[in-house]
Amino acid sequence: MSKTALQSANPVPPPGKPVLQLENLTKTYTLGKHDVPALSNLNLTVNAGEFVAIMGPSGSGKTTLLNVIGCIDKPTKGKVLLDGIDATALPENQLYKIRRDKMGFIFQTFNLLPYLNARENVELPMEGQGKSKSEQKQRASELLAMVGLSGREEHRPQRLSAGEQQRVAIARALANNPAIILADEPTGNLDSQNKQGIIKLLANLNLTQGTTIIMVTHDSQAARNTERMLLLKDGKIAKEMQGLHANKKNQICPHCGSRIQIKDEICPACKKPVYASDDLF
Amino acid sequence: MISIPAGVLANEKTANAVASNLSSIINQTGATINQTLTQIDCSLAPSFSGFGFTPPSGGTGTYRSGGYGGSGSGSSGFTPGQFGGGTVGGYFGGGAFNGGQANPMNETLYSDINNTLSGVAAVEPVLQASEGNNVTRNLDFNGYSRTITTLDVTYTIEGVPLTSDLANYMNEILPTNVTAGSNLQVGNSGDVLLSENNSAYFGAGVGDSVNILGQSFTVVGIYSPSSVSDTQMLYMNLSDAQAVTNNTGYITSLTVFAQNSGDVSTIASEISALHPELTVTTAQDRETALSNEESGYTTELANAKASDNQTNSTAIEEIVVVVLATSLIVLFVMLYTVKERTKEIGTLKAIGFSNSTVMGQFMLEGILLSVIAGVVGIAIGMVAAPTIAQYLLPPVGGGARLPTGAVVISGTARFGGLAVATLTPELVLLGFGVAILLGTIGSLYPAWRAAKIRPAEAMRYE
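In this text the structure is predicted, and so the values were computed from the model without any measurement. (Residues numbered from 1 in each chain as written. Chains lettered and ligands numbered in written order. Predicted model: local features only at pLDDT ≥ 70, side-chain atom pairs only at ≥ 80, totals over all residues.)

1. Points about the overall build of chain A
Secondary structure summary: chain A contains 10 helices and 10 strands in total. Within chain A, the fraction of its 281 residues that count as buried is 47%. Restricting the contact set of chain A to residue pairs at least 6 apart, pairs at least 24 apart contribute 64%. (Helix = DSSP H or I, 4+ residues; strand = E, 2+ residues; numbered from the N terminus. Buried ≥ 20, exposed ≤ 12 C-beta atoms within 10 Å, placed from the backbone. Contact = placed C-beta atoms within 7 Å.)

What follows is the structure, encoded as structure tokens:
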């Protein structure tokens, strides 16, 4: 199977088209006699190419929301449309294909397999897809180069730094050219320098590859560097804000409002960093 | 674990070897009971001073069997050759069955039996002498081996009186089944009656002459032995035998015939009173001794079979325990592995592995674990199976089979309490099969558990 054929078999929706639609999403956990609502009548549309942060206090339903989007959990009511497919209507034994082909997961604890090297970890999601071993190898090497790990393909996780491990995990999440990257506290286990690096990497992927990213985070500074911040409260979206990444995408300096170019890290007019990373991280 | 079936097979082999040895002996003893009721055998108790055909001055190099049962006393007193140590010792040989050497008797000392006792119909003196070679041989018995020395009898000379009585006692003192030529006749001298084995040994047929201890004899006939114990026996006139073996005036046994069978026990006790040094054996004694021997063999056979059965039931118990233990070990090891790798399993499922792939993965790991264990186990078994089987299984012992006509002189042919377990290719295959089966059974539940792990757990796992 050629690379082109593969991509057409699993196309990423064009920018601006909805890639995720949540309709009246309700999830209720039953604890003894009490019904505990985790999500109640939540509606959300995420378009292809968006970089979204989901924030909220503990117990606000962040994790539940991410699990439902990731087809790990089923909603009590409502619909989850992924790239036009109603995931809630699919039986359990079909959902793994959605996870494999439409989703890329990034975890707080990286979750790399310790006995596989970086490249083999990246190849893992491709195993069920019928790609040849050499195709897998080539794609994995390309992805590792994209996340800045050229030459470290043969290293096992324990020989990589925390930041490098998360880069491998990001490359793994991208392996099957997914419609959505789901990141659960991707910077939660990283020091501030690595945090910056990972957020910049995600932001760059979003800018240059048009990857749709939904990131759950506690870290308000990380969240501010996304495009769209959603504040979750009592199972609903309580507030929505624009992040700094939106300015960059719109090619406007967040500090002085002058025009900038996408490749610019520093505003040519006011000379301030576009991501304001120094004061944000 | 592989050692257990290996041990079972070894024990079964031993038991079968013992059974086949014993069965053939039992058949032979049965054949020898057919004797004349009026016959009384008299001989000196055999000594054990040496074997082979090196006659001391005035003596002979004859030998007789020891009795079964380990006494080695040589007291069975059967007519030599009918139950000779050369045969029984050979078949079920060992230190316990060493034959003894019959002491030569001065013929003239015993003329009073015929002259003074009433009711005696005839006294037939017999001289028996064996010619053979000492052979050192390696005995192999179910994988155990040792070196013993045997006397391999090439032929046994039986000198019988060819007097006018011969017609009356022909069947008692000469073979009955002459297949070529004719039997010995009254007064024959320089003639010999060969067994079929003798004929083959000398390469001589009827009318040919054979060289026996430097003297030439003419073959008058060839007979077919009625039992294995007769196979090496050649018959000639007593006086010829005495001359050729340099034993003039000496015999090795007297066969006394009573006029009627009712007098046998009286005559026997009178002979004992006259000559206390003689071992006197009547048909009754022979029958008792034979039936004792027979029951001895039968008991031994039953013991061998019983211990073989014991082996099987012990082995089954042990195998059940081992199989259960192995399955449980695989089960717990795999359950622990699944628990330890919850995060990994959750991750795999989150990135798109199906439940069946995950389950298959863990089944494969469990089976692989078992195959490795199987390889190690078989490697250990190759080296340690004999030792392990000895500890795990009750032993079966028995006597090694010697060639017909070989008598143990030193060493023992009896192997006791042995089961040399060796791994056959079939057992190795069986071992692998069982290992894979147990691995599969033990992995089923853990693999199912792994498949049921929710990917969300990978998200939460710290």
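From this point, things continue past the structure.
2. Observations regarding the overall build of chain B
When helices and strands are tallied, chain B shows 12 helices and 15 strands. Considering chain B as a whole, with its 462 residues, one finds that 48% of them fall into the buried category. Sequence-distant contacts in chain B: of pairs separated by 6 or more residues, those separated by 24 or more amount to 82%.

3. Examining the nonpolar core
Counting residues in each nonpolar core, the largest one holds 88 residues, and the members touching the most others are Val52(A), Ile54(A), Leu182(A) and Ile214(A). For Leu182(A), the contacting residues outside a window of four places in its chain are Leu66(A), Ile69(A), Gly70(A), Met103(A), Phe105(A) and Ile214(A). Residues Ile40(B), Leu127(B), Leu193(B) and Leu194(B) belong to the second largest nonpolar core, which totals 55 residues. (Core = buried A, V, L, I, M, F, W, Y, C linked by C-beta atoms within 7 Å.)

4. Concerning the interface of chain B and chain A
If you look at the interface, chain B gives 17 residues, while chain A gives 17 residues. Secondary-structure elements contributing two or more residues to the side of chain B that touches chain A are helix H9 (342–350) and helix H12 (456–460) of chain B. Of the residues contributing to the side of chain B that touches chain A, the split by class is eight nonpolar, four polar and five charged. (Nonpolar A, V, L, I, M, F, W, Y, C, P; charged D, E, K, R; others polar.)

5. Some thoughts on the confidence of the model for chain B
A residue-level look at chain B finds 79% of positions with pLDDT of 70 or above and a mean pLDDT of 76. Here the predicted complex carries an ipTM of 0.85, next to a pTM of 0.61. (pLDDT = per-residue confidence, 0-100.)

6. Let's talk about the sheet that holds strand S2 (residues 34–47) of chain A
All names here are of chain A. In space, the four strands of this open sheet follow the order S2-S1-S4-S5, with antiparallel pairing throughout. If you trace the sheet from one side to the other, it starts and ends with S2 and strand S5 (85–86), each paired once. Bridge count for strand S1 (residues 18–31) against S2 is 10 bridges, and the pairing is antiparallel. By the bridge assignment for S2, threonine 28 is matched with proline 37. Across the sheet, helix H2 (residues 62–69) lies against S1, S2 and strand S4 (77–82), angled at about 125° from S1, the strand it touches most. (Pairing = 2+ DSSP bridges. Axes fitted to C-alpha atoms, helices over the stretch in contact; angles between N-to-C directions.)

7. What to know about the sheet that holds strand S7 (residues 180–184) of chain A
Residues and elements named next belong to chain A. Strand order in the open sheet formed by six strands is S6-S7-S8-S3-S9-S10, with mixed pairing between adjacent strands. Two strands bound the open sheet, and with one partner strand each, they are strand S6 (103–106) and strand S10 (236–242). Strand after strand, the sheet turns through a mean of 20° between neighbouring axes, direction not considered. Strand direction decides the pairing type here: strand S3 (residues 51–55) and strand S9 (residues 228–233), joined by four bridges, are parallel. Residue pairing in the sheet places isoleucine 54 in a bridge with leucine 230 of S9. Against the sheet, H2 makes contact with S3, S7, strand S8 (212–216) and S9, and its axis sits at roughly 150° relative to S8, the strand it touches most. The strands touched by helix H6 (residues 162–174) within the sheet are S6 and S7, with S6 carrying the most contacts at an inclination of about 170°.

8. Regarding helix H7 (residues 264–274) of chain B
Residues and elements named next belong to chain B. Along H7, the positions that sit buried rather than exposed are Val264, Ile267, Ala268 and Ile271. Seen from one end, H7 has its buried residues packed into an arc of 105°, which puts them on one side. The outward face of H7, more than 90 degrees from its buried face, is lined by the exposed residues Ser269 and Ala273. Next to the buried residues of H7 lie strand S1 (39–44), helix H3 (111–116), strand S3 (120–141), strand S11 (253–258), strand S12 (278–282) and helix H8 (283–340). (Arc of directions from axis to C-beta.)

9. Some details on the pairing of S10(A)
Residues and elements named next belong to chain A. Summarising the sheet, S9 and S10 pair through six bridges and their orientation is antiparallel. Bridge assignment links lysine 233 to a residue of S10, and that residue is lysine 236. The hairpin turn running from S9 into S10, its antiparallel successor, is two residues long, and aspartate 234 in that turn takes a positive phi close to 50°.

10. A short note on unusual backbone geometry
Residues and elements named next belong to chain A. Here aspartate 83, not a glycine, exhibits a phi torsion of approximately 55°, which is positive. By secondary structure assignment, the location of aspartate 83 is in the loop between S4 and S5. Its 22 C-beta neighbours within 10 Å are what place aspartate 83 among the buried residues. For asparagine 177, which is not a glycine, the phi torsion comes out positive at approximately 55°. Take asparagine 177: it is sitting in the loop between H6 and S7.

11. Things to note about the environment of Arg454(B)
All names here are of chain B. On the secondary structure map, arginine 454 appears in the loop between helix H11 (425–452) and H12. Note on arginine 454: 16 C-beta atoms within 10 Å, which makes it partly exposed. Counting along the chain gives 107 residues from arginine 454 to threonine 347, while the straight-line C-alpha distance between them is 9.4 Å.

12. Remarks on the pairing of S6(A)
Residues and elements named next belong to chain A. Here S6 shows two buried faces, one formed by Met103 and Phe105 and the other by Gly104 and Ile106. One ladder, built from four bridges, connects S6 with S7; its direction is parallel. Of the residues in S7, the one forming a bridge with phenylalanine 105 is leucine 182.

13. Section: the packing of H8(B) against H11(B)
A pair of packed helices is captured by two measures, namely the crossing angle of their axes and the spacing between those axes. Residues and elements named next belong to chain B. Where H8 contacts H11, the two axes come as close as 8 Å, and the packing angle between them is 25°. Classified by the angle their axes make, H8 and H11 are roughly parallel. In this structure, the crossing between H8 and H11 has a hand that is right-handed. When H8 is examined against H11, the residues Val323, Thr326, Ser327, Val330, Leu331, Met334, Leu335 and Val338 are found in contact with a partner set consisting of Leu438, Gly439, Ile441, Gly442, Ser443, Tyr445, Pro446, Arg449 and Ala450. Broken down by class, the residue content of the contact of H8 with H11 amounts to 11 nonpolar, five polar and one charged. (Parallel < 35°, antiparallel > 145°, perpendicular 65-115°, else oblique. Left-handed = near helix turned anticlockwise from the far one by under 90°.)

14. Here's the deal with the packing of H8(B) against helix H10 (residues 355–392) of chain B
Residue and element names in this part refer to chain B. For the pair H8 and H10, the least separation of the axes is 12 Å and the interaxial angle reads 145°. Here H8 and H10 pass one another in a crossing that is right-handed. Facing Glu318, Val330, Met334 and Val338 of H8, the residues of H10 in contact are Phe362, Gly366, Leu369, Ser370 and Leu392. Grouping the constituent residues of the contact of H8 with H10 by class yields six nonpolar, two polar and one charged.

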